[in-house]
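What the coordinates show
Each chain, letter by letter, is given below.
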Amino acid sequence: MSSTSSSQMGQLVADKHVRYILMAEKKKESLESVVMDHLRMNGAYWGLTTLDLLDKLGTVSEDEVVSWIMTCQHESGGFAGNTGHDPHILYTLSAVQILALFDKINILDVGKVSSYVAGLQNEDGSFSGDMWGEIDTRFSYIAICCLSLLKCLDKINVEKAVEYIVSCKNLDGGFGCTPGAESHAGQIFCCVGALAITGSLHHVDKDLLGWWLCERQTKTGGLNGRPEKLPDVCYSWWVLSSLIMIDRVHWIDKAKLAKFILDCQDLDNGGISDRPEDAVDIFHTYFGVAGLSLLEYPGVKAIDPAYALPVDVINRIIFTKNDC
Amino acid sequence: MRPGNMDFDEAVPLSQRSEWSDVVPLTQDDGPNPVVPIAYKDEFRETMDYFRAIYFSDERSPRALRLTEETLRLNSGNYTVWHFRRLVLGALNHDLYQELEFIERIAEDNSKNYQLWHHRRWVAEKLGPEVAGRELGFTRRVLSLDAKHYHAWSHRQWALRALGGWEDELDYCHELLEADVFNNSAWNQRYYVVTRSPLLGGLEAMRESEVSYTIKAILANPANESSWRYLKGLYKDDKESWISDPSVSSVCLNVLSRTDCFHGFALSTLLDLLCDGLRPTNEHRDSVRALANEEPDTNLAYLVCTILGRVDPIRANYWAWRKSKITVAAM
């Protein structure tokens, strides 16, 4: 990471973040936890992936996590955000990703889960989030990522899926949630990730999009998600992973970005916030650490920019034979 | 995902309401060893326990509808409650106009959630084109509080496509840009209207008036990423027109001659023009040289890149790469 020494730019208080994540799981009387109840599966993915990136996955009980995950599965094969909730593609991906962390994808009835996901594809190639039909390119990414992890990508019409994503490409080279919607870094990550996994990156105008993405860097060093908006640590993931996937990450000032992320840490209690001085949360803690991983910060394991899982986890999956 | 501002002092707990005396509330089953035990406030816990009871017994009654409202007021992000509410609405054949009002009440507290907007679309779709005006009105109100609200824009685009109402949309974009010319969402919407409105002639027909509109905006605020990008977007797939339109190159020169503003976008636009085949005039050369600090480059495009590396240092690597891509032709 060039000439700036880590003592100049601050340090990653990794142990504090680990403690923050483990404590968050035990915190009582927190209204924030209450309102996050229905998306606990996402929260678990954020927390557990961060722990793995900091090489501390062993501090949680694999059996407890895995058995809880399985209580969230529906007859349809899809997973809910928590026990007693309805299935949705969002939580299905998180469930599969968590199982991948623990190398427990083999406990799944892969045929069933993949059929649930594949069944959400529409005629135009897009994907719905669940039976209620909300369409968004986020779901295209989720479906493709999930099925790829399960090695069942051939269960969907990949060509049509790609066609739909490409129809969401805008004049600035970016992508929105639906055709014509404003380019947004989060949506761009989803579209570029989906295209990367399906080997379709030739549809991306890498120079044009690369420039749009590097324009997200503000004077603070942090990244925003759209022109004229405030920087936010979560964009350290979405913008950065997109740049890496299209091989243009050298267009941003990595040292300045790393400093921004580190400045968003709560050095006393652990956790990372959206921008310096704000309150921390698990979501931003994950994205901050994941961003530092992409910046090759020492002490953080490498993360795959398309799958958003540690590289060693992805390698394990790639080299395992699996029938769909 | 803030809970609703329910006044807990006035609300009678569900367990003490006679209406609910026949229902046994179901507590959250976190399993024997909860992975992420959720901390609850008592009122919230109670409401969720009663919701779980009617959800699992699949009770689709008027009181169930009221309970979903109470639950959503506490947490409008809970997607299972929204799902169940739709089932109850269907079973009761409930007035969907009232439902639009319900959604607006929830949105007052927190409109930044996917579930609320998807529910809105579900209702509006059932009601059809007669609510076109209403959907435009609702999104307009939300955008008046946050003019870049991503969900609101997404819903508005859907409403125009599915229900109609394109007539005043370009004017609406103008209104928003008058308030904040840096609003990228409004520029995006402008492009959406120009390219997709069934009432206008399409991009090529609209190009001249849009170029003139955009140039005015650029001159008023040259440090605006959105307006410069929009200008280039108007010439999508038509490089010849882009480099031969005199107003494009002259807006660059105009901005470069000013001492009171950021030159970066004017320089990068000029760079794009040169790389696309624009033959620079002496005016171009003088204009750029005036900004040079004894940089040695004789090639004009190279010089522009060097200056950009200085005025936009955080993207120095990008400008260096641009320089490396310049072919000899772009003198």
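- Per an unreviewed UniProt entry, chain B carries the name Protein farnesyltransferase/geranylgeranyltransferase type-1 subunit alpha and comes from Camelina sativa.
- Its UniProt record gives chain B the following Sequence similarities (unreviewed entry) comment, quoted word for word: "Belongs to the protein prenyltransferase subunit alpha family."
- Regarding chain B, the UniProt comment filed under Cofactor (unreviewed entry) reads as follows: "Mg(2+)".

- An unreviewed UniProt entry lists chain A under the name Geranylgeranyl transferase type-2 subunit beta, from Camelina sativa.
- Its UniProt record, at the heading Sequence similarities (unreviewed entry), says of chain A: "Belongs to the protein prenyltransferase subunit beta family."
- The UniProt entry for chain A carries this comment under Function (unreviewed entry): "Catalyzes the transfer of a geranylgeranyl moiety from geranylgeranyl diphosphate to both cysteines of proteins with the C-terminal sequence -XXCC, -XCXC and -CCXX."

1. A closer look at the overall build of chain B
- Each helix and strand in chain B was counted, giving 17 helices and zero strands.
- Taking 331 residues into account, the globule formula puts the C-alpha radius of gyration at 20 Å, and chain B, at 28 Å, lies well above it.
- Each principal axis of the C-alpha distribution contributes one length, and for chain B these read about 90 × 50 × 30 Å.
- The buried share of chain B, taken over its 331 residues, is 56%.
- Sequence-distant contacts, at least 24 apart, represent 63% of the contacts inside chain B between residues at least 6 apart.
- Within the structure as shown, chain B displays about 15000 Å² of accessible surface, and the carbon and sulfur contribution to it stands at 50%.
- Taking the 39 positively charged and 49 negatively charged side chains of chain B as two groups, their mean positions are separated by 5 Å.

2. Digging into helix 11 (residues 206-214) of chain A
- Looking only at helix 11 of chain A, the buried set comprises Leu209, Gly210, Trp211, Trp212, Leu213 and Cys214 of chain A.
- As for helix 11 of chain A, its buried residues are in contact with helix 10 (185-197) and helix 12 (234-245) of chain A together with helix 11 (225-233), helix 14 (264-275) and helix 17 (316-324) of chain B.

3. Topic: the packing of helix 5 (residues 114-127) of chain B against helix 6 (residues 132-145) of chain B
Residue and element names in this part refer to chain B.
- At their nearest, the axes of helix 5 and helix 6 sit 12 Å apart, and the two run at 160° to each other. With respect to each other, helix 5 and helix 6 are oriented roughly antiparallel. For the element pair helix 5 and helix 6, the recorded crossing hand is right-handed. Where helix 5 abuts helix 6, its residues Trp117, Arg120 and Ala124 lie against Arg134, Glu135, Phe138, Thr139 and Val142.
- A per-class count over the contact of helix 5 with helix 6 returns four nonpolar, one polar and three charged.

4. A short note on the interface of chain B and chain A
- Taken together, the 55 residues of chain B in the interface contact 62 residues of chain A.
- Carbon and sulfur atoms supply 56% of the area buried between chain B and chain A, which totals about 5600 Å² over both sides.
- Looking at the side of chain B facing chain A, the largest losses of area belong to Tyr79, Tyr150 and Arg229 of chain B, adding up to 14% of the total buried there.
- Here chain B and chain A share two salt bridges between them.
- As a salt-bridge pair, Arg315 of chain B and Glu215 of chain A come within 3.7 Å of each other at their nearest N and O atoms.
- Along the contact surface separating chain B from chain A lie 23 residue pairs in polar contact (both at pLDDT 80 or more).
- Those elements that place two or more of their residues in the side of chain B that touches chain A are helix 1 (42-56), helix 3 (79-92), helix 5, helix 7 (150-163), helix 9 (184-196), helix 11, helix 14 and helix 17 of chain B.
- At six residues, the largest contribution of residues to the side of chain B that touches chain A is made by helix 9 of chain B.
- Within the side of chain B that touches chain A, the residues separate by chemical class into 27 nonpolar, 17 polar and 11 charged.

5. Overview of helix 9 (residues 158-166) of chain A
Residues and elements named next belong to chain A.
- All buried positions along helix 9 are accounted for by Ala161, Val162, Tyr164 and Ile165. Around the axis of helix 9, the buried residues are gathered within 160° of arc, so they sit on the same side.
- Where helix 9 is buried, its residues meet helix 8 (137-149) and helix 10.

Procedures and definitions
Residues numbered from 1 in each chain as written. Chains lettered and ligands numbered in written order. Predicted model: local features only at pLDDT ≥ 70, side-chain atom pairs only at ≥ 80, totals over all residues. Heavy atoms only, no water. UniProt positions renumbered as here; feature names shortened; annotations may be inferred. Helix = DSSP H or I, 4+ residues; strand = E, 2+ residues; numbered from the N terminus. Rg over C-alpha atoms; globule rule 2.2 N^0.38 Å. Buried < 20%, exposed > 50% of the residue type's maximum accessible area, 1.4 Å probe, protein only. Contact = heavy atoms within 4.5 Å. Areas by Shrake-Rupley, 256 points an atom, 1.4 Å probe, with all protein chains shown as cover. Lys, Arg positive; Asp, Glu negative; His and termini not counted. Charge placed at Lys NZ, Arg CZ, Asp CG, Glu CD. Axes fitted to C-alpha atoms, helices over the stretch in contact; angles between N-to-C directions. Parallel < 35°, antiparallel > 145°, perpendicular 65-115°, else oblique. Left-handed = near helix turned anticlockwise from the far one by under 90°. Nonpolar A, V, L, I, M, F, W, Y, C, P; charged D, E, K, R; others polar. Buried area = accessible area lost by both parts, 1.4 Å probe. Salt bridge = Lys/Arg side-chain N within 4 Å of Asp/Glu carboxyl O. Polar contact = N/O pair within 3.5 Å; in protein donor to acceptor, adjacent residues only side chain to side chain. Arc of directions from axis to C-beta.

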